[in-house]
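# Inside the fold
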Amino acid sequence: MMRVGSKSDADGLNPDLWEGTLGACPTRSQRLRAWWAGRQDGRANVTPDPETGLTPHLERFRALNATHVDSELLRIRPRMQEVETERALHRQALDNASAILAEEQAQTPPEADSATVGRWQRRHGAQIASCAQTIRSCEAEIARLDEDYQHLLDVRRHRIDRVCERHQQLVAIYWRALLRHHGEAEEVRAGHRQPSLTVPAGTFTTHL
């Protein structure tokens, strides 16, 4: 079976989950719009909210970043659910085989003639061998799926980091323009720091 979510997996995750159309750098037009908004707000002496530290335009950046982060979470979630479902099936098969193996190992040969004992031993041995093979197979599949799942988590973090990096650059462009053209730039600089876009708590805490 081809590894789920590998970079070359044409039938699993799309290759652009790693790079593709998601750039960490904003486009020239995005940078220009951020600069222009900062310039206009600065000339209008717009002051960041004392509680949030955001201007209305910075709040739009924050909301847009959150929307894109949510989009990335939704984008990859179906692939993660596929791995979770397959892993649960192998986990159940492993538990069943382990239970049967324990029962077989607890049995003792019947008190009977040698032919009956021989048949019991052959069946008993075959059952133990079958359970052991199932256990080994399930453990191997679970290990593979755990690796695939970690890969998906890495992809998700990679893309969300790029989303936040791109919007943070726009915030920096806006903030510099705001201060450059603000009539009370020193007061704004003394009372506020450049806002930092953060990923919502719990975004990267998914576990199998």
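Residues numbered from 1 in each chain as written. Predicted model: local features only at pLDDT ≥ 70, side-chain atom pairs only at ≥ 80, totals over all residues. Heavy atoms only, no water.

## Notes on the overall build of the protein chain
The condition is simple: Secondary structure elements follow DSSP: runs of H or I no shorter than four residues count as helices, runs of E no shorter than two count as strands, and numbering proceeds from the N terminus. Relative accessible area decides the class of each residue, using a 1.4 Å probe on protein chains only: under 20% of the type maximum gives buried, over 50% gives exposed, and in between gives partly exposed. In what follows, residue pairs with any heavy atoms lying within 4.5 Å of each other are defined as contacts. Exposure was quantified through the Shrake-Rupley algorithm and a 1.4 Å probe, taking into account, for residues, occlusion by the shown protein chains and nothing else.
Counting its secondary structure elements, the protein chain contains 4 helices and 0 strands. Start at the N end of the protein chain and walk to the C end: the helices and strands fall as α-α-α-α. Among the 208 residues that make up the protein chain, the fraction classed as buried is 37%. Across the protein chain, every contact between residues at least 6 apart in sequence was considered, and the portion connecting residues at least 24 apart equals 83%. Carbon together with sulfur atoms contributes 51% to the accessible area of the protein chain, which is approximately 12500 Å² in total.

## Brief notes about the confidence of the model for the protein chain
The line we're drawing: pLDDT is defined as a per-residue confidence score from the predictor, taking values between 0 and 100.
Of all residues in the protein chain, 85% attain a pLDDT of 70 or more, and the chain-wide mean is 85. Least confident of the elements in the protein chain is helix H4 (residues 185-191), whose mean pLDDT is 91; most confident is helix H1 (residues 28-43), at 95. In the model, residues 1-20 has pLDDT below 50 throughout and makes 39 contacts with residues more than four positions away in sequence or in other chains.

## A word on the pattern of salt bridges
Worth spelling out the cut-off: The salt bridge criterion pairs a side-chain nitrogen of Lys or Arg with a carboxyl oxygen of Asp or Glu, the two atoms within 4 Å.
Evaluated as defined, the whole model comprises 11 salt bridges. The residue Arg 62 makes a salt bridge to Glu 59 at a minimum N-O spacing of 2.6 Å. Of this pair, Arg 62 and Glu 59 are both found in helix H2 (residues 56-106), 3 residues apart, which corresponds to roughly one turn of the helix. With a relative accessible area of 37%, Arg 62 lands in the partly exposed category. Between Arg 123 and Glu 104 there is a salt bridge; the shortest N-O distance is 3.4 Å. Here Glu 104 lies in helix H2 and Arg 123 lies in helix H3 (residues 114-181), a separation of 19 residues in the sequence. Note on Glu 104: relative accessible area 6%, which makes it buried. A single network of salt bridges, built from pairs that share partners, joins Glu 86, Glu 141, Arg 144 and Asp 148.

## What about the nonpolar core?
Selection rule: Residue types Ala, Val, Leu, Ile, Met, Phe, Trp, Tyr and Cys, when buried and joined through side-chain atoms within 4.5 Å, form a set referred to as a nonpolar core.
By size, the foremost hydrophobic cluster in this structure holds 14 residues, and its most contacted members are Ala 34, Leu 58, Phe 61, Val 171, Tyr 174 and Trp 175. For this core, the secondary-structure elements that each account for two or more residues are H1, H2 and H3. At 7 residues, the largest contribution of residues to this core is made by H3.

## Describing the packing of H1 against H3
Keep this limit in mind: For helices, the fitted axis covers only the stretch in contact; all axes are lines through C-alpha atoms, and the angles between them, taken along N-to-C directions, range from 0 to 180 degrees. By definition, turning the near helix anticlockwise from the far helix through less than a right angle yields a left-handed crossing, and turning it clockwise yields a right-handed one. Following the grouping adopted for this structure description, the nonpolar residues are Ala, Val, Leu, Ile, Met, Phe, Trp, Tyr, Cys and Pro, the charged ones are Asp, Glu, Lys and Arg, and the polar ones are all others, Gly among them.
For the pair H1 and H3, interaxial distance at closest approach is 7 Å and the crossing angle is 35 degrees. Note that H1 runs across H3; the crossing there is right-handed. Touching Gln 30, Arg 31, Ala 34, Trp 35, Ala 37, Gly 38, Arg 39, Asp 41, Gly 42 and Arg 43 of H1 are Arg 166, Leu 170, Ile 173, Tyr 174, Ala 177, Leu 178 and His 181, all from H3. When grouped by side-chain class, the residues that make up the contact of H1 with H3 number 8 nonpolar, 4 polar and 5 charged.

## A look at the side chain of His 182
The condition is simple: Any N or O atom pair separated by 3.5 Å or less is treated as a polar contact, with the protein-specific requirement of one donor-capable and one acceptor-capable atom, and with residues adjacent in sequence counted only for side-chain atom pairs.
Considering the arrangement of structural elements, one finds His 182 in the loop between H3 and H4. Judged by relative accessible area, which is 6%, His 182 ranks as buried. Only 3.4 Å separates the side chain of His 182 from the side chain of Asn 45, close enough to count as a polar contact. Other than its neighbours up to four places away in sequence, His 182 contacts Asp 41, Gly 42, Asn 45, Val 46, Thr 47 and Val 188.

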